[in-house]
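The residues making up each chain are set out below.
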Amino acid sequence: MTADSSLKSTTVLVVEDEMVLRMRAVDIVEDAGFTAVEAVNADQALLILEQRSDISMLFSDIQMPGTMDGLMLAHAVNERWPDIRIILVSGQITPTEAEKPPESKFFGKPLEVVQMIAELQKMVGVGALTIVPELNEVPFDASGNQSGLSQLTHTEEVLTAENDGLRLLLEQAAINARALLKQAGIEAKEREASDNLQKLIMGELHHRIKNTLATVSAIAGQSLRTAPTLVHAQKAIESRLTALGRAHDLLLQVHWANASLATTVRSAIEPFDNQGAGRISIIGPDLSISSGAVISLAMTLNELCTNTTKFGALSVPAGRVSIAWTVDEGAGHLNLKWMETGGPAVNVPTRRSFGTRMMESLGNQLSGRVELSYNPSGFIYQLDAPLSALRAKSGPPS
C-alpha cells in the first residue's frame, strides 16, 4: 500500500490491552502510512501523551484494565488535546453518540482492514487508500494459490460469517431455554430471574466469542503477511491457534481466574518436547498470573518453540533449551530467561517476523522489558516484568 509522503509525519497512539490485537492495530496504522506508538492501558497512554507532542490520533480499545477505560481516556484526551482525532473500537460495547467525544469514530471488532485504513487516512484529511499488490501479496508459488491479501480478505469474510452464525445460535439457544422453562412449569418470578441470568451468560459468551474471532482474524492476517508460501501460512496459523486453544483450555480449568506460571510454561512447550524427551528444562518458583498474562506468555512461548525447532537448538539432536525464572518479591519483579545451547550457529535475522514482533511485544504487554540476544553459540530471550502486571486481574481480551 502506498500513501502520500505527508503521512509520514502523522503519529498514531494505539491503546489495546491484548497483545495480538494490538499488533494487528499497529499493522493497520503502518499500512495506512502512519507511525504507531503503543500503549497497553489508559494510564500508559496518558503518560505518553504528556511526554510527546507529535501524536495526531488516538486509536483505542474501549474495555481495558486500569484506572479508566477507553471511553474515559477518549474524553480525557479530547479535553486536554482537542486537536487529536479519536477512533474507538470494541468487541462488546457500542457507545452512543452522546457517550463518545465529539467527532470521534467507533468500529466494532473484528476490524475490517481496508475500511480501517481508509478511515484513518480520511480522518487526517488525505486521499483514499491505494493498494499496490506487489507490496501486500504473500509470494506464493505459481500453482494457482491466491495472494496473501486475498487470503486475508477471504479469512476475515469467513470469520465474520461465522460470528453472525454464532450470534444466531446464541439467540436460538435463549429461545429454546425459555421454552423449556415454560414446559417445566416454572413460576413467572423464577422464570424472570432465570431469563436475566440467561441474558448475562449469553452476553458474556457472545463477548468472548467475538474476542476470540477478533484474535483469530489477527493471527491469520499477520501470519499471511510474512509467509513465503500458502503451506507455510497454513502451518503457522494452525500452530498459533493451537497455542491459543491450549491457553484457553488452561484458563477454563480455573474459570478464567489467575493460573499457574509453571503450568502455563509446561502446557506451552508440551507439543514441542518430543513426548517428554526432556530437551527443554524448566526451573523456577511457581507464581499465580492473570488470564491476560497466561495468553500472552503462551503465545510467546509458542513462537520461541516454533523457531527453535525450525532453526535453533531443537533443530539438531544435541540441542537443548533451558527456561528459568526468578522472582524478586522485594523489587517486585520477575526475570525469565530462555537459553538455547548445542544448536547450529546463530545468525541475526534480516527481517522482523511476526513471531519476533510477538516476542518483543510481551515486554510492553507486561509493562516490562524484553531482550533478544543472537549469540553465535545460542539464542537467548530474557523478560523482565513487574509482578504487579503479571498478577493484575484481567479477563479475556476485550
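Keep in mind the model is a prediction, meaning the values are calculated, not measured.

A. Local environment of the overall build of the protein. Helix and strand content of the protein: 12 helices and 12 strands. Taken over 398 residues, the protein has a buried fraction of 48%. Sequence-distant contacts, at least 24 apart, represent 70% of the contacts inside the protein between residues at least 6 apart. Summed over its atoms, the accessible surface of the protein is roughly 18,900 Å², and 54% of this surface lies on carbon and sulfur atoms.

B. Up close: the sheet that holds strand S5 (residues 105-108). Taking strand neighbours across the sheet as the criterion, the five strands line up as S2-S1-S3-S4-S5 in an open arrangement whose pairing is parallel. Both edges of this open sheet fall to strand S2 (35-39) and S5, since each of them pairs with a single strand only. Strand-to-strand twist in this sheet, taken as the mean axis angle between neighbours without regard to direction, amounts to 20 degrees. Helix-sheet contacts for helix H1 (residues 19-31) involve strand S1 (11-15), S2 and strand S3 (55-61), and the interaxial angle to S2 is about 160 degrees.

C. Representation of the environment of Gly368 in the model. Tracing the backbone through its elements, the reader meets Gly368 in the loop between helix H11 (354-365) and strand S11 (369-375). Classification of Gly368 as partly exposed rests on a relative accessible area of 31%. For Gly368, the contacting residues outside a window of four places in its chain are Gly363, Asp384, Ala385 and Pro386.

D. Main features of the packing of aromatic side chains. The tally for this structure, following the rule as stated, stands at one aromatic pair. Here the aromatic rings of Tyr374 and Phe379 are separated by 5.2 Å at their centres, their planes lie at 45 degrees, and the arrangement is tilted.

E. Layout of the packing of helix H10 (residues 291-310) against H11. Interhelical geometry of H10 versus H11 gives an angle of 150 degrees and a closest axis separation of 9 Å. As H10 runs across H11, the sense of the crossing is left-handed. When H10 is examined against H11, the residues Ser296, Leu297, Met299, Thr300, Glu303, Leu304 and Asn307 are found in contact with a partner set consisting of Gly355, Met358, Met359, Leu362 and Gln365. Across the contact of H10 with H11, the residue classes break down as six nonpolar, five polar and one charged.

F. View of the pattern of salt bridges. Under the criterion given, the structure shown has 10 salt bridges. Here Glu16 makes a salt bridge to Lys109, at a shortest N to O gap of 3.0 Å. Highlighted residues: Glu16 in the loop between S1 and H1 and Lys109 in the loop between S5 and helix H4 (113-123), separated in sequence by 93 residues. Each member of the pair Glu16 and Lys109 is classed as buried. Between Glu38 and Arg22 there is a salt bridge, with the nearest N and O atoms lying 3.0 Å from each other. Note that Glu38 is positioned in strand S2 and Arg22 in helix H1, a separation of 16 residues in sequence. Through salt bridges with shared partners, a single network forms among Glu16, Asp61 and Lys109.

G. Seen up close, the pairing of strand S12 (residues 378-386). Of all nine residues in S12, seven are buried, a share of seventy percent or more. Where strand S10 (residues 333-341) lies against S12, seven bridges are found, and the strand directions are antiparallel. Pairing of Leu336 across the sheet is with Leu383, part of S12. Relative to S12, S11 is paired through seven bridges, and the arrangement is antiparallel. Across the sheet, Asn375 pairs through a bridge with Gly378, a residue of S12.

H. Local environment of the sheet that holds strand S7 (residues 280-283). Ordered in space as S7-S9-S10-S12-S11, the five strands form an open sheet in which the pairing is mixed. Sheet topology places S7 and S11 at the edges, where each strand pairs with a single neighbour. Pairwise comparison of adjacent strand axes, ignoring direction, gives a mean angle of 10 degrees for this sheet. Contacts from H10 reach strand S9 (320-328), S10 and S12 within the one sheet, and its direction differs from that of S10 by about 15 degrees. Set on the sheet, H11 makes contact with S11 and S12; between it and S11 the angle comes to about 140 degrees.

I. Broad picture of unusual backbone geometry. Of note in the backbone geometry, Glu103 takes a positive phi value of approximately 70 degrees without being a glycine. Residue placement: Glu103 occurs in the loop between strand S4 (85-90) and S5. Phi is positive for Ser367, which is not a glycine, with a value near 55 degrees. Within the secondary structure, Ser367 sits in the loop between H11 and S11.

Rules behind the numbers
- Residues numbered from 1 in each chain as written.
- Predicted model: local features only at pLDDT ≥ 70, side-chain atom pairs only at ≥ 80, totals over all residues.
- Heavy atoms only, no water.
- Helix = DSSP H or I, 4+ residues; strand = E, 2+ residues; numbered from the N terminus.
- Buried < 20%, exposed > 50% of the residue type's maximum accessible area, 1.4 Å probe, protein only.
- Contact = heavy atoms within 4.5 Å.
- Areas by Shrake-Rupley, 256 points an atom, 1.4 Å probe, with all protein chains shown as cover.
- Pairing = 2+ DSSP bridges.
- Axes fitted to C-alpha atoms, helices over the stretch in contact; angles between N-to-C directions.
- Phe/Tyr/Trp six-rings, centres within 6.5 Å; stacked < 30°, edge-to-face > 60°.
- Left-handed = near helix turned anticlockwise from the far one by under 90°.
- Nonpolar A, V, L, I, M, F, W, Y, C, P; charged D, E, K, R; others polar.
- Salt bridge = Lys/Arg side-chain N within 4 Å of Asp/Glu carboxyl O.

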